[in-house]
Each structure stands twice: as structure tokens, then as C-alpha cells.
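Chain residues, written in single-letter form:
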Amino acid sequence: MEYIKTIKNNTHLIIFLAKETLAKVYEGMILGIGWSILKPLIYIFIFWMFFLVGIRRSNPIGEHEYLLFLFAGVMPWFYLTDVITNTTRIVFTNASIIRNFNIPLVLFPISEVLGKFIVHILTMLFVGLFFMIRGGREYFPDIYYINFIYYFITLFFFSTGCAYFISAISFIIKDTRLFISATMQGLFWLTPVVWVAQNNINLIEQIFNPLYYFLEGYRETMLYETFFFEHNLYNIYIWLIIIFLNYFGIRMWYRLEATILDNI
Amino acid sequence: MLVLTVNNLTKSFIKYNSRFDLVSDLLLKTNRAAHKPMLKDVNFKVYKGETFGILGDNSSGKTVLLKVLGNQLLPTEGSVDTDARIFRHSYMTGMQEHKSGYDNIYYKCGLHGLTPLEIDQIVGKIVEFSELGDQIYERYGGYSTSMRSKLGFAIAINIKADIVLLDESYAVGDGSFRTKCNDAFYEQKRAGMTIIYASYSHHSIKNTCDRALWLAEGEVMCVGNPAKIASLYEMYLRKEKTLAEIKYGLEVGYYGIH
């Protein structure tokens, strides 16, 4: 496929653009990349105030402390919202570069995702550390952490799929941007980020909410001690979605290439 | 030796009057786009080591042609055949205001697709050529126009290319810097670089180019000796003859360019 060839031939450009994505966010700040850790910490503090001090929802989930349950699931959520809401504007934020430099258009979404993904992995390292400090010996990395290799790969391709698909759609229909940002805010409460999905709800989430897969996956790894291959049907379902998003997203980008270049 | 061939190149901008047309084109493969023609059936060849001029007044399609050659726009029909490494330089773009001039060198070269190693090799030369001295470490946002163009030019001249595409006003900065720029280009030309230079000024085309092309309303009027083309163009500018008359004269071989 033409796409894979383009990616292969331009790896250094992708790395360059990914670095710029990182730099754009943290440039000129005193703490720089430290914000990738500090930002979730601030959120966590707010959640902690709200749930444990405010509405006093402190009973443990199974045998796990509520704060750890929250922490494990909320990180992939933050990452995915960031990717989904920010890539809607990708054509417009890069307009002057697209106009003046000879960079294949399909590189933009993937490098933006890559930049954010690196921050996500850094953040997850920090989360692991937090688990060890807060949870003690029980939460030290164990054999189940090999799940992360699988989930990182899956998450990466899921987010590139989202980026291609959503950014193409939002180029065609500009309203998508507002729709997405409103939906993502609502989805926060509909996805079991701060609550536990049981029985029927669990099934509904599995079918209609692909984001749930990653939340559950991270919790499986860090809390529930389940391997990712223990629910293969669900895995296959998610990979079908990933293939769908990537395939049609990238195809749309190629179909739109001339239109984007002429109208930017 | 041939480095670039343009075959029956036609370019029209795709415009959609409504979003529904775009959606229907994508999903149902209809053809509802409104086309705005920019270039019509352009043919020419460029040889290695020459300076090839593209002469034309405003909105004749010069910039569009350069962009298609530089692969920043896709041709609607026809093709540009080349294996050369082509750069289209625009000096003021691709810079970030909040970064220092030095960091901007890395940024712009990176956007041009150079690897950090390649940039390391030329960054010293760029700093030296730009004559900015220690100011190179200052914020780019604080640069004056001439400083900006000097830096932009220093980058352009130091990136190794087979073909460079220049859009007017490349002669920038003060007199001595301008001479330095010209000298640098001639030196690279001797080393085998090809320059394609677009301008609305027939004087500069006449003075700098080995061969030239006259582009009018998106069509090629003629290709050939720059001095002869410049004199035809001057006739047109003075309104002594209309485009149609000149075209007819060219067709019957009256001006002896073909």
C-alpha cells in the first residue's frame, strides 16, 4: 500500500513532527515536559477531593482502593480525549506548513499521535511509580504487566485510526469539531471512568464504547490480574474497529489530498 | 542533460460550493466540484545547470506552476517527470516567532525533510552566511525584515538541492548581501544545480536566465531566448500588441523564437 511506503520513507520527518508536537505544548514553560506528569496529578487531586472528600465515595472496588481504581483507568481516558479532540483541527493548525513545504499530508495525523503517545507512556511510568508508593508491595509490577505491550500497541493504532478518521470528517464537515468536544465531555460520565460497570452495563459498554476497552485493559493489568488473551472475542472486535478506522480514515485522506491542498 | 520534463500539465483548483457536493463526491463518486482553471496544457523541458526563467504578470499562474513543480499542489492532468531533489524556497515562511534564529534553522530544515545529522553539517555555514553573528541566538520574533530575509536566504542557499524554485524578490537585503547571494547561486550553478526562477520583471529574467518561458493566463506563450521573450513581453506591457496578436505572430514564426 502506498501509505506504508510513505511512512517508511519518511520516518525522520515523522519523528521531527512528533517532536514539534511535544515542543508546541510545552515550549517556554519552566517545567517543560514535567507538565505531562503534573497535569494528571492536578486532575487526580481534583478527583480525590471530589470523590473522597466531597461526596465521600471511598468504599473500595473489590479489594482495591478507589483512588487506584480511578488512577488506572483515567490515564488512557485523558490520552484518548486529547487525541480525539485535538486532531479535529489538524489541517488548519498546520496550514502554513502544508502550503509551503513538501510534506506528504498523511504524515501529519500519525506524527501528532506519536508525540502525544510518548507523553502518555511517560505518564504511565509515573503512574506505575505511584502505585508502588501508594499501594505497597501488592502493586509492584508483576507478570501481568506484559499486557502493557499489547495495550500500548493497540492503543497506538486505535488512536491513529481515530485521528485519521475524525480529522478527515471534520475537514469535510466543520461542525464535527464542536460535536466531538461536546460528546467527549458527556462521554466522560457515560464511560466507567469514575464508576464500575457491572453485568449488562458491561456488555453495553463493550459493544458501543471502544474507549472502555482500554480503561478495562489498564485496570486488568494493574489491578485485576487478568491477561489480555482471556477475552479474545472482545479483542477481535476492537481490532476490527481499529482496522475499519485506519483503513477508511487513510483512504479519505488520500481522496481529499487534492482538495485540501487546493483549498488550504 | 534533462532534469525535468513537464508534460501536458493542466491544473485547476477544486472548489466546492457546498459541503454536500464534497460528501457526494466522496461517497457516491460523483463529480460535482467546481474547477477553477489555473494552468492549461503546459509543456517544457529544463536542462541540468541552467537558470530557467518563468515570466508572467500577476495571476498568470507562475506561483501555481512552481508549487506543482515543488509537489505542493497535485496536477489535475499531465505530469512532472523528474528524479531531482527539488526545493521551493520562500524565505519568510516556516519560521517560529518564539524560537531563536538558531533553533529556527533546525526547524525549517527539518520541515524540508533533512535529518538532524544533515542539518548539523550545514548549520555552521548557514550562521556564517547569514552575517547575523550573535544575534542568531536571539528571538526570531524580534528580527527586522532584512535580518529575516538574510537568514531565510542563508538556509535556502545551503540546503543541497538539484533544482531550486525561486519566486521573485529573492534579491534581498542590502546591496553587498545581494551580490553575495548572486555569487553563491552562480557557484552552485557551476556545481550543477538548476534554478527555476519566476518573476514578473522582464529585466531580471533577461539578466539572470539562460532560457525562459512566458506564461500568460495559464498558458505557455513561448519558450526560448530570454532577451527575445523579454522584448516581446515589453511590447505586451506597453500595449503595443495584444496577447492574441503576439500569439498569432509566434504561431506563424514571425518572431523567430520557436
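Residues numbered from 1 in each chain as written. Chains lettered and ligands numbered in written order. Predicted model: local features only at pLDDT ≥ 70, side-chain atom pairs only at ≥ 80, totals over all residues.

## Structural notes on the overall build of chain B
(1) Moving on: The helix and strand tally for chain B stands at 9 helices and 9 strands.
(2) Moving on: Dimensions along the principal axes, computed over C-alpha positions, put chain B at roughly 60 × 50 × 35 Å.
(3) Moving on: A total of 258 residues make up chain B; the buried ones form 37% of that total.
(4) Moving on: Long-range contacts, defined as pairs at least 24 residues apart, comprise 72% of the intrachain contacts of chain B with a sequence gap of at least 6. (Helix = DSSP H or I, 4+ residues; strand = E, 2+ residues; numbered from the N terminus. Buried ≥ 20, exposed ≤ 12 C-beta atoms within 10 Å, placed from the backbone. Contact = placed C-beta atoms within 7 Å.)

## A closer look at unusual backbone geometry
(1) Moving on: In this model, A:E225 sits at a positive phi of 55°, which is unusual for a non-glycine residue.
(2) Moving on: Within the secondary structure, A:E225 is located in the loop between α11 (210-224) and α12 (232-263).
(3) Moving on: In this model, B:E217 sits at a positive phi of 50°, which is unusual for a non-glycine residue.
(4) Moving on: Take B:E217: it is sitting in the loop between β8 (211-216) and β9 (219-224).
(5) Moving on: Of the residues examined, B:E217 has 15 C-beta atoms within 10 Å and is grouped as partly exposed.

## With respect to the pairing of strand β5 (residues 86-89) of chain B
Residue and element names in this part refer to chain B.
(1) Moving on: Residues of β5 alternate between two faces, with I86 and R88 on one and F87 and H89 on the opposite face, all of them buried.
(2) Moving on: Both β5 and strand β6 (residues 163-167) contribute to a ladder of 4 bridges, which runs parallel. Following the sheet pairing, H89 is matched in β6 by L166. (Pairing = 2+ DSSP bridges.)

## Quick word on the confidence of the model for chain A
(1) Moving on: This prediction gives chain A a mean pLDDT of 86; 97% of its residues lie at or above 70.
(2) Moving on: Of all helices and strands in chain A, the one with the weakest mean pLDDT is helix α3 (residues 35-54) of chain A (76), whereas helix α8 (residues 147-172) of chain A scores best (94). (pLDDT = per-residue confidence, 0-100.)

## Quick word on α12(A)
(1) Moving on: Look at α12(A): 44 Å from first C-alpha to last across 32 residues, which is about the 46 Å you get at 1.5 Å a residue.
(2) Moving on: For α12(A), the principal kink sits at A:L256 and spans about 50°.
(3) Moving on: Among the residues of α12(A), those classed as buried are A:I238, A:I242, A:L245, A:G249, A:I250, A:W253, A:L256, A:T259 and A:D262.
(4) Moving on: Along its buried surface, α12(A) packs onto α1 (2-9), α8 and α11 of chain A together with β1 (2-15) of chain B. (Expected span 1.5 Å × (residues − 1). Bend = angle between axes of the 7 residues up to and from the residue.)

## Here we look at the nonpolar core
(1) Moving on: One finds B:L55, B:L65, B:L165, B:I196 and B:W214 to be the most contacted residues of the largest nonpolar core, which totals 59 residues.
(2) Moving on: In terms of residue count, the dominant contributor to this core is helix α5 (residues 145-158) of chain B (6 residues).
(3) Moving on: The contacts of B:L55, once residues within four sequence positions are left out, are B:S199, B:H202, B:I205, B:A212, B:L213, B:W214, B:L215, B:I229 and B:Y233.
(4) Moving on: The next biggest cluster of nonpolar side chains, apart from the first, holds 53 residues, and it includes A:L211, A:Y212, A:Y213 and A:I242. (Core = buried A, V, L, I, M, F, W, Y, C linked by C-beta atoms within 7 Å.)

## A short note on the interface of chain A and chain B
(1) Moving on: Contacts between chain A and chain B engage 20 residues on the former and 20 residues on the latter.
(2) Moving on: Those elements giving two or more residues to the side of chain A that touches chain B turn out to be α2 (11-26), α6 (95-100) and α12 of chain A.
(3) Moving on: For the side of chain A that touches chain B, the element with the most residues is α12(A), which contributes 6 residues.

## Overview of the sheet that holds β9(B)
Within a sheet, neighbouring strands are paired by backbone hydrogen bonds and run either parallel or antiparallel to one another.
Residues and elements named next belong to chain B.
(1) Moving on: Ordered by their spatial adjacency, 6 strands build an open sheet running β5-β6-β7-β3-β8-β9, and the pairing between neighbours is mixed. The open sheet has two edge strands, β5 and β9, and neither has a second partner. Each strand of the sheet is rotated relative to its neighbour by a mean of 15°, with strand direction disregarded.
(2) Moving on: In the sheet, strand β3 (residues 51-55) pairs with β8 via 4 bridges, with the strands oriented parallel. Bridged to G53 within β8 is A212. (Axes fitted to C-alpha atoms, helices over the stretch in contact; angles between N-to-C directions.)

## Notes on the sheet that holds β1(B)
Residue and element names in this part refer to chain B.
(1) Moving on: Reading across from one edge, β2-β1-β4 is the order of the 3 strands in this open sheet, with antiparallel pairing throughout. The open sheet terminates on both sides in strands that have one partner only, identified here as β2 (34-47) and β4 (77-81). For this sheet, the mean inter-axis angle between neighbouring strands, taken without regard to orientation, is 20°.
(2) Moving on: Judged from the 10 bridges that link them, β1 and β2 form a sheet pairing that is antiparallel. Residue pairing in the sheet places L4 in a bridge with V46 of β2.
(3) Moving on: Along the sheet face, helix α2 (residues 62-69) touches β1, β2 and β4 and points at about 65° away from the line of β2.

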